[in-house]
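Okay, here's what each chain looks like letter by letter:
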Amino acid sequence: MFGWLRKDKRGSKSQKVKRIGLTDHRILHDRTVSLGSSVTHLDPSDQPASSCMKEISTTAAFKHLETILHQTLPSCALERSPIPLCPSIELALLQAELPQTPLPDDEMRQVLASPAYWCFCWASGQVLAQYLLAHPERVAGKSIIDFGAGSGVVGIAAMLAGAREVLAVDLDPAALAACAVNAAINDVQLTLAPDLNAIQTPIDLIIAADVLYDRDNLHFLDALPTLATDVLIADSRIKNFNHRHYRLLQTQTATTWPDLEEYPEYNQVRLFEHTRSS
Ligand SMILES: C[S@@+](CC[C@H](N)C(=O)[O-])C[C@H]1O[C@@H](n2cnc3c(N)ncnc32)[C@H](O)[C@@H]1O
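Computed from a prediction, not measured in an experiment: that's the story for all the values here. (Residues numbered from 1 in each chain as written. Predicted model: local features only at pLDDT ≥ 70, side-chain atom pairs only at ≥ 80, totals over all residues.)

Colleague: Describe the overall build of the protein, and please don't skip the residues or the numbers.
Modeller: Along the backbone of the protein there are 7 helices and 10 strands. Looking at the protein as a whole, 42% of its 278 residues are labelled buried. Partitioning the intrachain contacts of the protein with sequence separation of at least 6 by distance along the chain shows that 72% fall at a separation of at least 24. (Helix = DSSP H or I, 4+ residues; strand = E, 2+ residues; numbered from the N terminus. Buried ≥ 20, exposed ≤ 12 C-beta atoms within 10 Å, placed from the backbone. Contact = placed C-beta atoms within 7 Å.)

Colleague: Which residues make up helix α4 (residues 123-134), and what values do they have?
Modeller: With 12 residues, α4 should reach 16 Å at 1.5 Å per residue; the first-to-last C-alpha distance of 17 Å fits that figure. Here α4 lies mainly inside the structure; 10 of its 12 residues are buried. Among the residues making up α4, those that are buried are Ala-123, Ser-124, Gly-125, Gln-126, Val-127, Leu-128, Ala-129, Gln-130, Tyr-131 and Leu-132. (Expected span 1.5 Å × (residues − 1).)

Colleague: Tell me about the confidence of the model for the protein, residues and numbers included.
Modeller: When pLDDT is averaged along the protein, the result is 83, and 81% of the positions lie at 70 or above. Low pLDDT, under 50, characterises residues 6-38; the stretch is placed with 53 contacts to residues that sit more than four places away or in other chains. In the predicted structure, residues 43-48 sits below a pLDDT of 50 and forms 5 contacts with residues beyond four places in sequence or in another chain. (pLDDT = per-residue confidence, 0-100.)

Colleague: Please set out the site of the ligand residue by residue, giving values where relevant.
Modeller: As a structural note, the neighbourhood of the ligand is formed by 22 residues, with Trp-122, Gly-125, Gly-148, Gly-150 and Ala-209 the closest of them. Across the shell around the ligand, the residue classes break down as 12 nonpolar, 6 polar and 4 charged. (Near = placed C-beta within 6 Å. Nonpolar A, V, L, I, M, F, W, Y, C, P; charged D, E, K, R; others polar.)

Colleague: I'd like a description of the pairing of strand β7 (residues 203-209), backed by residues and values.
Modeller: The two faces of a sheet get side chains in turn, since along a regular strand they alternate between them. Taking burial as the measure, the 7 residues of β7 include 6 buried ones, the bulk of the element. Pairing geometry for strand β4 (residues 143-147) and β7, over 4 bridges, is parallel. Note that in β7 the partner of Phe-147 across the bridge is Ala-208. Pairing between β7 and strand β8 (residues 228-235): 6 bridges, direction parallel. In the sheet register, Leu-205 faces β8, and the bridge partner there is Asp-230. (Pairing = 2+ DSSP bridges.)

Colleague: Outline the environment of Asp-146, listing residues and values.
Modeller: Mapped onto the elements of the fold, Asp-146 is located in strand β4. Residue Asp-146 is classed as buried on the basis of its 31 C-beta neighbours within 10 Å. Here the alpha-carbon distance between Asp-146 and Leu-190, two residues 44 residues apart in the chain, equals 9.6 Å. In this structure Asp-146 touches Gly-152, Val-154, Gly-155, Ala-158, Val-166, Ala-168, Val-169 and Ile-207, once residues within four positions along its chain are discounted.

Colleague: Now, about helix α5 (residues 153-160): what can you tell me, with residues and values included?
Modeller: The buried count for α5 comes to 7 of 8 residues, which makes it a mostly enclosed element. Taken residue by residue, α5 has Val-153, Val-154, Gly-155, Ile-156, Ala-157, Ala-158 and Met-159 as its buried positions. One or two residues past the end of α5 sits Gly-162, with phi positive at roughly 110 degrees.

Colleague: Would you mind going over the pairing of strand β2 (residues 78-83) in detail, with residue names and values included?
Modeller: Taken together, the 6 bridges between β2 and strand β3 (residues 86-94) define a ladder with antiparallel strand orientation. Considered in β3, the bridge of Glu-79 is made with Leu-93. Where β2 folds back onto β3 in an antiparallel hairpin, the turn is made up of 2 residues.

Colleague: For the packing of helix α2 (residues 51-72) against helix α6 (residues 173-185), give the residues involved together with the corresponding values.
Modeller: Where α2 meets α6, the axes come as close as 10 Å, and the angle between the chain directions of the two elements is 155 degrees. By the angle between their directions, the pair α2 and α6 is classed as roughly antiparallel. Viewed along their axes, α2 and α6 form a crossing whose handedness is left-handed. Across from Thr-58, Ala-61, Phe-62, Leu-65 and Ile-68 in α2, the residues of α6 making contact are Ala-174, Ala-177, Ala-178, Ala-180, Val-181, Ala-184 and Ile-185. Split into classes, the residues belonging to the contact of α2 with α6 amount to 11 nonpolar, 1 polar and no charged. (Axes fitted to C-alpha atoms, helices over the stretch in contact; angles between N-to-C directions. Parallel < 35°, antiparallel > 145°, perpendicular 65-115°, else oblique. Left-handed = near helix turned anticlockwise from the far one by under 90°.)

Colleague: Talk me through the packing of α4 against α5; I want residue IDs and the actual numbers.
Modeller: One can describe the packing of α4 onto α5 by two numbers: an axis separation of 8 Å at closest approach and a directional angle of 5 degrees. Relative to α5, α4 is oriented roughly parallel. On the side of α4, the interface is formed by Gly-125, Leu-128, Ala-129, Leu-132 and Leu-133, while α5 contributes Val-153, Val-154, Ala-157, Ala-158 and Leu-160. For the contact of α4 with α5, the per-class residue count stands at 9 nonpolar, 1 polar and no charged.

The structure is reproduced here in structure tokens:
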């Protein structure tokens, strides 16, 4: 299932992918959602007063997110889904049951040009979210950046575990829209930003899950520790992750949800830590 949205060159078996000559998925994303300013604050005073009104606005935002999905995947739907490793977190994700037929060529091109990573909860995201929920002392009272937030799963876990503030950073405007919807579903606040330039306050911790699939992001391994006291990175894409300033905390098996049926090696998630003292 979902073979058409495999995450990298090695993972892609699709003849269609080969036919259009796609060598990897480092493709600029469509600016499909306008956020108006570089940082969007989800102010609780903007929320409708009654829980009934709040439910209605969350439903409307969910529908809007689905229209964004339809720009690349018109035949797919979103559904609210608890994520397997952290069932207390529910996300708007791609519907698990999909037609098994291959995508039409034009749809395939759209998907590859603008992959909707945000409609999956990646294996690394699940592992890091689970870790934060199990170790609230890592985030409690802290100011945090979720770098490459996607659905926002890791930032949401940090907020649920007691973080003071989470800035969800993603270059894909659709991902930021997904973060907003998923924050509302889980009744937490996230601040949204398209890049790290928006940082104005001291940051205690940067959390990042599954962002190293794009080798252009490797320089962030050195850049992120200059922006925060601690960095936690979850990754299953770099085979020999060997950075002298990062310490392996744990290795865990996990599967992207909904299941992309990725190669087993991509289900081996390693969690690394960088602290100023290391
Ligand atoms: C594979 S998804 C992972 C999402 C989420 N962290 C998770 O684990 O489910 C990677 C996300 O990182 C974002 N991303 C990749 N490179 C980025 C960069 N340089 N700056 C900001 N976001 C980036 C992508 O747009 C995408 O939403």
